[in-house]
Amino acid sequence: MKQQTDNRRRDFFKRSALTLGGGFALSSFNFYVPKQSREKGDIVGHGDFKYRVNKEWGQQDPAKVPVRDCHEMVQDRQGRLILLTNEVKNNIIIYDRSGKVLKTWTLDLPGAHGLTITEEGGEERLFITDSELHVVYKTTLDGKVLMKLEYPKESYVYADHTKFKPTEVAMAPNGDFYVADGYGEYWVIQYNSKGEYIRHFGGKGDGESQLNCAHGVVVDQRDPSNPVLLVTSRSANELKTFTLDGKYIKTIKFPGSSICRPVIKGDYLYFAVIVTESWWAYDGAIIVLDKQNQVVSAPGAATPEYKDGVLKKLVYDQKTFLNPHDVCVDQDENLYIPQWYSGKTYPVMLERV
């Protein structure tokens, strides 16, 4: 039922009137709104992971820098913050850390969803997925397309391209990458660095190695001797662990929490929880896990509790977030939270205190 609701919600908000194109446009902006004082804003979070909320960070003139749903965000080596939105006028918005927009560009993607930054030959690259156009792009930081992947015919698990609705990309240490088909058939597809198909695993179902909305994926190298793949099974409120060649290891449960992609910074793992109660009202929180995958903080929710070793359902605070979709962690461990279906709001900043 949860997945049916998820699908209905996505279908409801499709923008059928958008005009698609194949190129990209680049522009620069100097306009930005003065930011909220650091002395203002609620304190959220728990233990050593507390944050001051700044909802004014990144706000722009929507006539000049519009957004629709803000999906994901990464930081480059220069410290710039790169936001992905499904607004076709500017799929990519690049901020400095004060929240000022430095530039924007677009690939005219109406279903832009996943944004991953990686390095190749000393140069930073972006992987961008579009779940409506059924494609994955690799680009430069300025928007030049270097690779375009369509549905993996070689896998023989797709009737046609429309069944492939990619939501995320993760990079392996050897240059392979994994594409999560989070809104399609829920496969995770592994490619080599050239974009050549290697294998697929996961797939739709309730088995221990199967997935229910394979929304996000990341390679976890917190144990350098044993890197593993983490895949969110969002509608099942679960995180599943696989070897890098797709063999199932274990499941971690997050009751009542529809978790988006896993994000790793140092020894800690972060999730946006897009929904705890209802897809039809503003909701959500952030959770922070330690190296043992225990929740140590839940900004936007009540104090996390365990009973008999099992995490109890999070209780949303009803004020901090409007359906958070991702977490970007900067070098000072501040958090930047893009939000989906939030009234076209810009990212929220959580300043580490």
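K.L.:
Where do I start with the sheet that holds strand 14 (residues 187-191) in this structure?
P.N.:
In any sheet, the strands associate via hydrogen bonds between backbone groups, in a parallel or an antiparallel arrangement. Pairing in this open sheet of four strands is antiparallel, and the strands run 12-13-14-15 from one edge to the other. Each of the sheet's edge strands pairs with one partner strand only, and the pair in question is strand 12 (168-171) and strand 15 (197-202). On average, each strand axis in the sheet is tilted by 20° relative to the strand beside it, whichever way the strands run. Bridge analysis of strand 12 against strand 13 (residues 177-180) gives four bridges, and the strand direction is antiparallel.

K.L.:
Looking at this model, I keep getting lost on the side chain of aspartate 326. Mind explaining?
P.N.:
On the secondary structure map, aspartate 326 appears in the loop between strand 26 (310-311) and strand 27 (328-329). A polar side-chain atom of aspartate 326 sits 3.0 Å from the main-chain amide nitrogen of methionine 73. Looking at aspartate 326, its side chain comes within polar contact range of the side chain of arginine 261, at 2.9 Å. Here aspartate 326 is in contact with His71, Glu72, Met73, Arg261, Val263, Ala272, Tyr336, Ile337 and Pro338, once residues within four sequence places are set aside.

K.L.:
What am I meant to see in the packing of aromatic side chains here?
P.N.:
Each aromatic ring pair is summarised here by two numbers: the centre-to-centre distance and the angle between the ring planes. With the rule as written, the count across this model stands at 14 aromatic pairs. Seen from their ring centres, tryptophan 279 and tryptophan 340 are 5.8 Å apart, and the 85° between their planes marks the pair as edge-to-face. In this pair, tryptophan 279 sits in the loop between strand 22 (268-275) and strand 23 (285-289) while tryptophan 340 sits in the loop between strand 28 (335-337) and strand 29 (348-352), placing the two residues 61 residues apart along the sequence. For the pair shown, tryptophan 279 and tryptophan 340 are each scored as buried. Pairing tryptophan 340 with tyrosine 341 gives two aromatic rings, centres 5.7 Å apart and planes at 55°, and the pair type is tilted. Tyrosine 341 sits in the partly exposed class, given a relative accessible area of 29%. Here the aromatic cluster, defined as three or more aromatic residues joined through ring pairs, consists of Tyr178, Phe201, Phe242 and Tyr248. The cationic tip of lysine 204 hangs over the ring face of tyrosine 186; the distance from NZ or CZ to the ring centre is 4.8 Å.

Reading the values: the criteria
Residues numbered from 1 in each chain as written. Predicted model: local features only at pLDDT ≥ 70, side-chain atom pairs only at ≥ 80, totals over all residues. Heavy atoms only, no water. Pairing = 2+ DSSP bridges. Helix = DSSP H or I, 4+ residues; strand = E, 2+ residues; numbered from the N terminus. Axes fitted to C-alpha atoms, helices over the stretch in contact; angles between N-to-C directions. Polar contact = N/O pair within 3.5 Å; in protein donor to acceptor, adjacent residues only side chain to side chain. Contact = heavy atoms within 4.5 Å. Phe/Tyr/Trp six-rings, centres within 6.5 Å; stacked < 30°, edge-to-face > 60°. Buried < 20%, exposed > 50% of the residue type's maximum accessible area, 1.4 Å probe, protein only. Lys NZ or Arg CZ within 6 Å of the ring centre and 35° of its normal.

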